[in-house]
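One letter stands for each residue in the lines below.
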Amino acid sequence: MIYLHLEQQFNIENCTKSMQFSIVGSGIAGLATAIRLARLGHQVDVFEQHSTYGGKLGVLEMDGYRFDTGPSLFTMPQFVRELLDEDLNQKFQVEKLPILCHYFFSDQSRFQVSANQEAFVNDASQFFIEDADAISGFLKKSKIVYDITAPVFLENSLHKLSTYTKPSGLRGIANLWRLEMFKTMNQSLEKRFTNPKLIQFFSRYATYNGSDPYQAPATLNVIPHLEFEYGAHLPKLGMRQIADILVEQSLRLGVNFRYNQKVKSINHHNQMITSLSLENNQELSTDGVIANVDAKIVYNKLLNIDVPRKIDHAENSSSALIFYWGINRTFSELDIHNIFFAESYRDEFKAIFKTHTLHHDPTIYINITSKLIKQDAPSEGENWFVMINVPYNNGQDWDQITQQAKTFILQKLSEHLKVNIQNHIVCESVLDPVTIESRTGSNKGSLYGSSSNDRMSAFFRQSNFSNQFDNLYFCGGSVHPGGGIPLCLLSAKIVSKVIFEKN
Ligand SMILES: Cc1cc2nc3c(=O)[nH]c(=O)nc-3n(C[C@H](O)[C@H](O)[C@H](O)COP(=O)(O)OP(=O)(O)OC[C@H]3O[C@@H](n4cnc5c(N)ncnc54)[C@H](O)[C@@H]3O)c2cc1C
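Summary of the structure given here. Each chain carries its own residue numbering, running from 1 in the direction its sequence is written. Given that this is a predicted model, residues contribute local features only at a pLDDT of at least 70 and side-chain atom pairs are listed and counted only at 80 or more, while totals for whole chains, interfaces and linings are drawn from all residues. Values reported for side chains reflect all heavy atoms of the structure, with hydrogen atoms and water molecules removed beforehand.

## Some thoughts on the pairing of strand S2 (residues 43–47)
The cut-off we apply is this: Accessible area is worked out with a 1.4 Å probe on protein chains only. A residue is then buried under 20% of its type maximum, exposed over 50%, and partly exposed in between. Each helix is a run of H or I in the DSSP string that is no shorter than four residues. Each strand is a run of E no shorter than two, and both are numbered from the N terminus. Here, strands pair whenever DSSP counts at least two bridges between them. Note on handedness: a crossover is taken as right-handed if, strands pointing away from the viewer, the path from the first strand over the helix to the second is clockwise.
The element S2 is largely enclosed, with a buried count of 4 among its 5 residues. The pairing of strand S1 (residues 20–24) with S2 spans 5 bridges and is parallel. For Gln20, the partnering residue across the bridge sits in S2 and is Gln43. A crossover links S1 with its parallel partner S2, the connecting element being helix H2 (residues 28–39), and its sense is right-handed.

## With respect to helix H12 (residues 240–252)
Here is the rule: An expected span of 1.5 Å times one less than the residue number is assigned to each helix.
With 13 residues, H12 ought to run about 18 Å at 1.5 Å a step, and its terminal C-alpha atoms sit 19 Å apart, in line with that. Among all positions of H12, only Arg240, Gln241, Ile242, Ala243, Ile245, Leu246, Val247, Gln249 and Ser250 are buried. Just beyond H12, the residue with positive phi is Gly254, at close to 90°.

## Regarding the pattern of salt bridges
To keep it simple, the criterion reads: Between Lys or Arg on one side and Asp or Glu on the other, a salt bridge is scored when a side-chain nitrogen of the former is within 4 Å of a carboxyl oxygen of the latter.
Tallying each qualifying case throughout the model produces 15 salt bridges. Here Asp376 and Arg66 are joined by a salt bridge, their closest N and O atoms 2.8 Å apart. One end of the pair, Asp376, is in the loop between strand S16 (364–367) and strand S17 (382–390); the other, Arg66, is in strand S4 (residues 65–68), and 310 residues separate them in sequence. Residue Asp361 is joined to Lys412 by a salt bridge in which the shortest nitrogen-to-oxygen separation is 2.7 Å. With a gap of 51 residues between them, Asp361 in the loop between helix H15 (345–355) and S16 and Lys412 in helix H16 (residues 398–417) connect regions that are remote in the sequence. Exposure class is identical for Asp361 and Lys412. Each is buried.

## Re the sheet that holds S16
The criterion, for reference: The axes are straight lines fitted to the C-alpha atoms, using for helices just the contacting stretch, and the angles between their N-to-C directions are given from 0 to 180°.
An order of S7-S6-S15-S16-S17-S14-S18 is seen for the 7 strands of this open sheet, with the pairing classed as mixed. In the strand order of this sheet, the two ends are held by strand S7 (110–114) and strand S18 (425–431), each with one partner. Shown here is a sheet whose adjacent strand axes are inclined to one another by a mean of 20°, direction ignored. Alignment of strand S6 (residues 99–104) against strand S15 (residues 337–340), held across 3 bridges, turns out to be parallel. Looking across to S15, one finds that Tyr103 is bridged to Ile339.

## Let's talk about the state of the cysteines
Where we set the bar: Criterion for a disulfide: a pair of cysteine sulfur atoms within 2.5 Å.
Summed over the entire model, instances satisfying the criterion amount to 0 disulfides. Free cysteine: Cys475, not disulfide-bonded; nearest cysteine sulfur from Cys488 at 8.0 Å.

## What to know about the site of the ligand
The test is simple: If even one non-hydrogen atom of a residue comes within 4 Å of a molecule or strand, that residue is called near it. Throughout this description, a polar contact denotes any pair of N or O atoms lying within 3.5 Å of each other; where both atoms belong to protein, one of them has to be capable of donating a hydrogen while the other can accept it, and for residues adjacent in sequence the pair is counted only when both atoms sit in side chains. A 1.4 Å probe and the Shrake-Rupley method give the accessible areas. Residues count as covered only by the protein chains that appear here. Classification convention: Asp, Glu, Lys, Arg as charged; Ala, Val, Leu, Ile, Met, Phe, Trp, Tyr, Cys, Pro as nonpolar; all other residues, Gly among them, as polar.
Of all residues adjacent to the ligand, which total 34 residues, the nearest are Glu48, Lys56, Gly477, Gly484 and Ile485. Within the contact set of the ligand, an oxygen atom lies 2.8 Å away from a backbone nitrogen or oxygen of Gly484. Coverage of the ligand by the protein chains reaches 94% of its 1000 Å² of free accessible surface. Those elements giving two or more residues to the shell around the ligand turn out to be H2, helix H17 (433–440) and helix H19 (485–502). Considering each element in turn, the shell around the ligand owes the most residues, 3 residues, to H19. Classifying every residue of the shell around the ligand by side-chain character gives 14 nonpolar, 16 polar and 4 charged.

## Overview of the pairing of S15
A two-sided burial pattern is seen for S15, the buried positions comprising His337 and Ile339 on one face and Asn338 and Phe340 on the other. Sheet topology note: the S15/S16 ladder contains 4 bridges and is antiparallel. In the strand pairing of S16, Asn338 is matched with Ile366.

## Examining the nonpolar core
Quick note on the threshold: We define the nonpolar core as a collection of buried residues of types Ala, Val, Leu, Ile, Met, Phe, Trp, Tyr and Cys that are connected through side-chain atoms lying within 4.5 Å of one another. Note that the domain bounds were set by an automatic or database domain assignment. Should any heavy atoms of two residues lie within 4.5 Å, those residues are considered in contact.
Counting residues in hydrophobic clusters, the biggest one holds 106 residues, and the most contacted among them are Phe120, Phe202, Ile242 and Leu246. Built from parts of two domains, this core gets at least three residues from each of domain 1 (6–57 + 236–315 + 462–502) and domain 2 (119–230). Those residues in contact with Phe120, other than ones at most four positions away along the chain, are Phe111, Val113, Ser114, Ile135, Leu139, Phe201, Phe202 and Phe228.

## Quick word on the packing of aromatic side chains
For clarity, the cut-off: Note on aromatic pairs: the rings of Phe, Tyr and Trp (six-membered ring only in Trp) are paired at centre separations within 6.5 Å, and the planes decide the class, stacked below 30 degrees, edge-to-face beyond 60, tilted for the rest.
By the definition in use, this model includes 33 aromatic pairs. Ring geometry for Phe105 against Phe128: centres 6.0 Å apart, planes inclined by 85°, an arrangement best described as edge-to-face. Here Phe105 is found in the loop between S6 and S7, whereas its partner Phe128 is found in helix H5 (residues 117–128), with 23 residues between them in sequence. Each member of the pair Phe105 and Phe128 is classed as buried.

## Quick notes on the sheet that holds S1
A sheet is described by the order of its strands in space; here 5 strands give the open sequence S9-S2-S1-S13-S19, paired in parallel fashion. Of all the strands in the sheet, just strand S9 (256–258) and strand S19 (472–474) have a single pairing partner and so form its edges. Strand after strand, the sheet turns through a mean of 20° between neighbouring axes, direction not considered. The sheet strands contacting H19 are S1, strand S13 (288–291) and S19, and the helix crosses S19 at an angle near 155°.

Honestly, it's all geometry; don't read function into it.
This is how it looks when you write it as structure tokens:
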């Protein structure tokens, strides 16, 4: 595959004015933006409140076990590769997984999802007793919708007229009817399939951006296409390697990282950002700021102005409760990605998005990188990242919820795996919505900024540039085009394009 570097994507010789840009936050989008702006010839300073980079792409080492603390599923690695020099691309070794996930249903049946689409369709048709053509037809339709919408909704600013006047934009508008915006994901799936287990399987893709399949528009049914088309990947040194390699590339391009420097305010005069104030009371002037911090926090705390109404009203995405467990034995029935479904998915999402409580039978996700990366756990052991989706932080008693959730999780896993799991946990660490918020600055601990439950949510997200300030830009999971690694990387691409076109 050929990756186009920025110099080739834009005609870099046209970029004559070198400016100094300050990026607030070293999450994946901040790192990608730093690389892109440095390649355009700008001077880039990255301000990070903590002593290390990566934000949600964190790492934890405990008693001989290594855990990636945040994202575990890596799709579309090409968006990382296009940022890297050739030698770094070779160094960044990534495994494409032959099996996407092991599913455990509440009736104790098990289904293994092959990454090969044809094999999946055959397996699924037999396991769920559904028409193979209906399953492959659904995936084909997902592809068509993706191909039409990606150039408009994912690769460009939604907030620029030029996006809609290009041929791809006009084609996108002409095909809006295909997006099924007026049906929910679940309604669309129920029309196509009869087996509730297959409907549950496809509904789960709503959680890839923290949404509810019973509310989110059927447009999100494009997500399975992305997983089957581009695959699930794991870097040979774990997810943290994505942040590591981006930092290595940034340093090579002269990006200046300023750790332990929390930005207290982004200062402005009339329509211009003039400087940043740090917690240590230093004030630093700047030509422009790219905020890689949750947009609501940027307005409320850093700019000290009201959050625009449409952004303020957008519902937060779900959050997560994660147990990192060092396990002292191996489980041959488990793979790298595993899901233990709730019996009633509808009730689980009602708890997450309506009553904002813990469901007594949560769907459990277990990620075990030591299945591939042997050094991530002692021999005869496994590193379990055990996650359930929970509501964003609304002041709930998270200590109590964590205790209850642990009881529910242990009971369910012990039943499915026919062994008392508690007896095999040798070390533990926990991440809840409050710690997600305090460590990464995400509003209320939501994983993906705002949810996509409203059919207009794509238009309600913060755009990649400010309407109020000429030299303020936004990247990261809370802004257009959305949360998750691939979309964060696309936000960086859009920001650098907007800056390139402006200067
Ligand atoms: C548990 C979990 C599981 C996930 N699973 C997946 C997955 O499997 N696949 C996937 O694609 N995505 C997943 N995601 C989502 C994905 O991790 C995020 O969308 C993405 O990493 C967000 O990156 P970002 O660029 O928005 O920055 P963030 O990671 O949010 O980082 C923001 C950075 O800004 C810094 N910062 C904040 N305020 C300030 C300030 N005032 N001054 C200086 N620095 C500041 C923070 O310290 C942080 O380093 C998951 C997230 C979590 C938490």
